[in-house]
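Read off the chains here:
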Amino acid sequence: MKFGTSQPVRRREDSRFLTGRGRYADDLAPREALHVAFVRSPVAHGRIGEIDIEAARAMPGVRGVFTAADLAADGMNNAIPAIFTVDNRDGTPSARPRRPVMAEERVRHVGEIVAAVVADTPEAAADGAEAVLLEIDELPAHVTLAPGGEPLHEEAPDNLAFDWALGDAEAVEAAFAEAAHRIRLEVEDHRVSPVPLETRGAWARPIAGGERLEITLGSQGVWRIREDIADFFGWEAERVHVVTPDVGGGFGMKIFTFPEYYLVAYAARKLGAPVRWQASRSEAFLSDTGGRGIVATVEGAFDAEGRLLAYRVDGICDLGAYNSHFGQNIQTFLATRVMTGVYRVEKALWRMRGVFTNTPPVDAYRGAGRPEANLDIERLMDEAARRLGLDPFEIRRRNVIPREALPWKTPGGEVYDVGDFARLLETAAAEAFVEGYAARKAASAARGKVRGLGVAAYIEAVLGDPSEGARIRFGEDGTVELHVGTQSTGQGHETAFAQIVSERLGIDIDRIRVVMGDSDIIPRGGGTGGSRSLTAEGAAIVTATDRLLEGLRPIAAELLESAEEALRFEDGGFRLAAGNRFVPLLEVVAEARRRGREDLVDVAARHKLAGRSFPNGVHVVEIELDPETGKIEIVRYAAADDFGNIVNPLLVEGQVHGGVAQGIGQVLMERMVFDADGQPLTGSFMDYALPRADDLPFIDTFFVPVPSLNNPLGTKGCGEAGVAGSLAAVTNAVADALAAFGVENPQMPFTPGRVWRMIREAGQERAQAGG
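On a predicted model such as this, the values are computed, not experimentally measured, just so you know.

Moving on to the pairing of strand β27 (residues 632–642). Along β27, eight of the 11 residues are buried, which leaves the element largely enclosed by surrounding structure. Joining the antiparallel neighbours strand β26 (residues 616–625) and β27 is a turn of six residues, in which G630 adopts a positive phi near 80°. In terms of strand pairing, β27 meets strand β28 (residues 699–703) through five bridges, oriented parallel. Its bridge partner being in β28, Y637 is matched across the sheet by I699.

A separate point is the pattern of salt bridges. Enumeration according to the criterion identifies 61 salt bridges in this entry. Between D163 and R89 there is a salt bridge; the shortest N-O distance is 3.1 Å. Of the two residues, D163 sits in strand β7 (residues 160–167) while R89 sits in the loop between α4 (68–73) and β4 (106–107), which places them 74 residues apart along the sequence. The shortest N-O distance in the salt bridge between R575 and E570 comes to 2.7 Å. The buried category is assigned to R575, whose relative accessible area is 16%.

Summed over the entire model, instances satisfying the criterion amount to 17 aromatic pairs. An angle of 25° between the planes, with centres 6.3 Å apart, marks the rings of F17 and Y24 as stacked. Judged by relative accessible area, F17 falls into the partly exposed class, the value being 27%. Ring geometry for Y416 versus F421: centroids 6.4 Å apart, planes at 80°, classification edge-to-face. Here the two residues Y416 and F421 agree in accessibility, since each one is buried. Every member of this aromatic cluster is reached through a ring pair, and the members are F66, F232, F233, W235, Y262 and Y266. Across the ring face of F258, the terminal group of R200 is positioned such that the distance to the ring centre comes to 3.8 Å.

This brings us to the packing of helix α7 (residues 222–233) against helix α8 (residues 259–271). Packing of α7 against α8 leaves a shortest axis separation of 10 Å and a crossing angle of 50°. When the axis of α7 is compared with that of α8, the two are oblique. Classified by chirality, the crossing of α8 by α7 is right-handed. Only Y261, Y262, A265, Y266 and R269 of α8 make contact with α7, whose side of the interface consists of D228, I229, F232 and F233. Broken down by class, the residue content of the contact of α7 with α8 amounts to seven nonpolar, no polar and two charged.

Okay, the environment of R12 next. Note that R12 resides in the segment before α1 (14–18). Note on R12: relative accessible area 28%, which makes it partly exposed. Here the alpha-carbon distance between R12 and P371, two residues 359 residues apart in the chain, equals 30 Å. The contact partners of R12, leaving out residues within four places of it in the chain, are E494, T495, A498, I509, D510 and I512. Here the side chain of R12 touches I512 through a polar contact of 2.5 Å, landing on its backbone oxygen.

Let us now look at helix α17 (residues 585–594). Along α17, the residues classified as buried are L585, V588, V589, E591, A592 and R593. Check the buried side of α17 and you find it contacts β19 (467–474), α15 (493–505), α16 (533–560), β22 (567–570), β23 (573–576) and β24 (582–584). Just past α17, the residue G596 takes up positive phi, approximately 80°.

So, on to unusual backbone geometry. Following L406, the chain continues to P407 via a peptide bond in cis, the omega torsion being 0°. Looking at the element boundaries, P407 is found in the loop between α12 (392–397) and β16 (408–409). The amide bond that connects M748 to the next residue, P749, takes the cis arrangement and shows omega of 5°.

This part takes up the packing of helix α18 (residues 649–668) against helix α19 (residues 721–739). Two elements in contact, α18 and α19, have axes separated by 7 Å at closest approach and are oriented at 40°. Relative to α19, the element α18 lies oblique. Once α18 is placed against α19, the crossing between them reads as right-handed. The segment α18 lies against α19, with V656, G659, V660, Q662, G663, I664, Q666, V667 and L668 engaging G722, V723, S726, L727, V730, T731 and V734. Here the contact of α18 with α19 is composed, by residue class, of nine nonpolar, seven polar and no charged.

Criteria and thresholds
Residues numbered from 1 in each chain as written. Predicted model: local features only at pLDDT ≥ 70, side-chain atom pairs only at ≥ 80, totals over all residues. Heavy atoms only, no water. Buried < 20%, exposed > 50% of the residue type's maximum accessible area, 1.4 Å probe, protein only. Helix = DSSP H or I, 4+ residues; strand = E, 2+ residues; numbered from the N terminus. Pairing = 2+ DSSP bridges. Salt bridge = Lys/Arg side-chain N within 4 Å of Asp/Glu carboxyl O. Phe/Tyr/Trp six-rings, centres within 6.5 Å; stacked < 30°, edge-to-face > 60°. Lys NZ or Arg CZ within 6 Å of the ring centre and 35° of its normal. Axes fitted to C-alpha atoms, helices over the stretch in contact; angles between N-to-C directions. Parallel < 35°, antiparallel > 145°, perpendicular 65-115°, else oblique. Left-handed = near helix turned anticlockwise from the far one by under 90°. Contact = heavy atoms within 4.5 Å. Nonpolar A, V, L, I, M, F, W, Y, C, P; charged D, E, K, R; others polar. Polar contact = N/O pair within 3.5 Å; in protein donor to acceptor, adjacent residues only side chain to side chain.

In C-alpha cells:
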C-alpha cells in the first residue's frame, strides 16, 4: 500500500499545527468562562494560621473565593490518590500520607495551593488572589536528598518514605568477594522539569442540568482523570465527561490529575458556570511534577577478563512533598525492569530509598526509571573500561547477552524475548566511524580543543496497561472512524494508526479519521505512557480489523457466489483464490448496511499483549570541550536502534530526535535548583536552560529491527528510547574528555561554569600532589 505501514508518511496533523489551526484546551474554552487564580504558598514548609478572604471576596468582578474549609463543608474528598506504592524491604508498607487537593493546616512546598479566587476576568482573579491575606508560621525546610530534618508527615518521622530492594543480596555479596575487580562509583541523576510547550490548563462546566460535569484539559489519557474527579465529588464515573483535544507535549507529566483540575471542576459546579485556568510558565515551575532526582552508589564485580559477574545499586530518590500518582514506583519497580541493561549478568541487587522533601512532587518523566537505570549501568561499564584498560566497545562486546541466549530472564524478573545486542554494537561503531576517531581527536587537539567519545547500550521496557481497545466504524460515505484508547501529545498517532488501518483494509489514508480523548465516546482506554501506544493500540487495531473482515466474509462470499474459505482479502477487497473475481470492501460494507447489519460495519475489539517488548540500541557521541571556557559542543551523534517492525520511519526518527534532545538538555544544561529554604531558584526560562537548535547536532539514525514476539505487529515502541540512550552516551563522552585533565567521575549537568571549575580543581589537586 502506498500509505501502509513501513512508509515514511508525513504527519497528517502537521498541516493544522503549522498553520495555527491546532485546537488546545484553552482555545476551546467558552468566551463567557470565568477565570480562576490560585493563591499559593510562598514558603516551603509551615503551619497555616489565618486565611483572610474577606477583602478578596469584596473585590470587583470576584465571583467566589474558596479554601479547604469550603471543600470540607461541601463534602468534597480533599485527597489526591497515590496509585502505586511499594512495601519496604522488611515487608512493612511504605509511608502513605494523605495529599490534599488544597492545603489543610500545613503547607509543604512553595506553590502549594491554599485558596482559589474565581472572577470575571483573569486580571480580576489575580487582583483577588493578591487581596487574600495568608499567615503561615514557617517551619524548617527539608531539601536534602537524605533522611532526617524537620518531618513533613507524621507517617514518616525521619522523612523516609520507603526502603525497597529487589535481588539476591547474599549471592551478590559472594560474587563480589570472589571478583578479580570491583568497580564502584557515584552517579547523580539530578532533578529536572518536564517543560512541555503547552503548559497545563483546564476548563470545566456543568452539563445535563447540573447532573454531570464536563472538563476539558491537556492530558495523556482521560480515563484516570475521570475516575479521580468523580471520586472527589463522590459520584459515579459516568457523571464526569473528560475531553482532551490537541496536546502540546506531555512527557509523562500530563498523565496525572493535578490539584488545579479538581478545583476548576469544583468552582464550575459551585458557581454553575464555566471556569477556566491556564498555567503561566512560572506557575508551571512551581507546581508541575519534577523528574529524575536520584543519587546512587553503583558497583560492579568483574572477572579478570572484564566480564560482569554481579551488579549492585544503592540509591536514594526524591519524592518531593507527597507521594505523586506513580512516585514510589518510578525508581523501584519501573527502573528494575531494565536494571542490568543488555548484559549477561545473573546476580544483581537494587536498593532504593525514597525521601520526602519540601519541593513539588516528583513522578514520571520521559522514560520513568528506565533512563535512570541505563545511566547507572552504562556509567559503570565506561568506568570499568577505563580502569581495566579496555576499549568501551570491547567491554560491552564481552558482556552483552548473545542472540542465541534469548529469551533471557533478567535478575529483575523480566524476560527479554528477542534482540541482537552485539549486532547493534557493531552497527553503531561502523556508522559512527569510530575507527577514524583518533584522527578526529588529533585534529581537535590541534585547535586547542579536547575531544571525548561516549557510547551507551540501552534497553527500554514498554510499560502501562497491556490491554487496549479499538473501534472501527464505517460511515455511509465510505469513510472510516477509528476510536482509540491512547492519547497523542504530539507523537503522530493520527498518522500511524491510520496507516495500519489503511494497510489492513485497503482504505485510502485520507478517508480514515482517528478519534481519541473523549470519555463519553470512548468509555475505556489505557492512555499514553511507557511507550505503549503503538504496541498496545496497534495490536487492538489488528484485532479489530480482523474481526471486521471475518464478520463481512460471509456477505462477500454470497456476493461472489463462493464458499467463504475460497476467499482471500487483498487490495482492499475480497478475491476468489482461484480466478480474478473481486468485490471491493466498500461494496460489502454497503451490502451489510442494506441488510441492517450495522454490527458488521461498527466493530470493537480488545487485545491483551502476551508480554512486554524491549526497544534497545546503541548511541555513540563525540563532543569537543574548550578547556578555556568549559563549553561543550556535541559534534557527532549516531544512534542505532532496534524498534522491531516500524510503522512509519519518519515518525520514529522524530521520536528519537526528541528523546535525544531531552537527554542532551539534562546532561548539559537543565537542572531544577532549590535553596536551603525550599525556594526554587530556577523558576523561569531566565534560570532554567533548555537546548536550542544550535545546541544540538545532526543526529544520524539507523534502524536494526528484530521484530518483537509479543504483539502482532512485531513493534517495540520508541517514544522514550532516545533519552535512554542519550543520557548515558553524552555523559560518557564528557567524562572521557574530562579524564584528560584528571577529573574523576564527573557529575552532570555539564554547564560551562561547572566544567571549567572541574578542570581547574583537578589541576590544583594534581599540582598539590606533585608538590
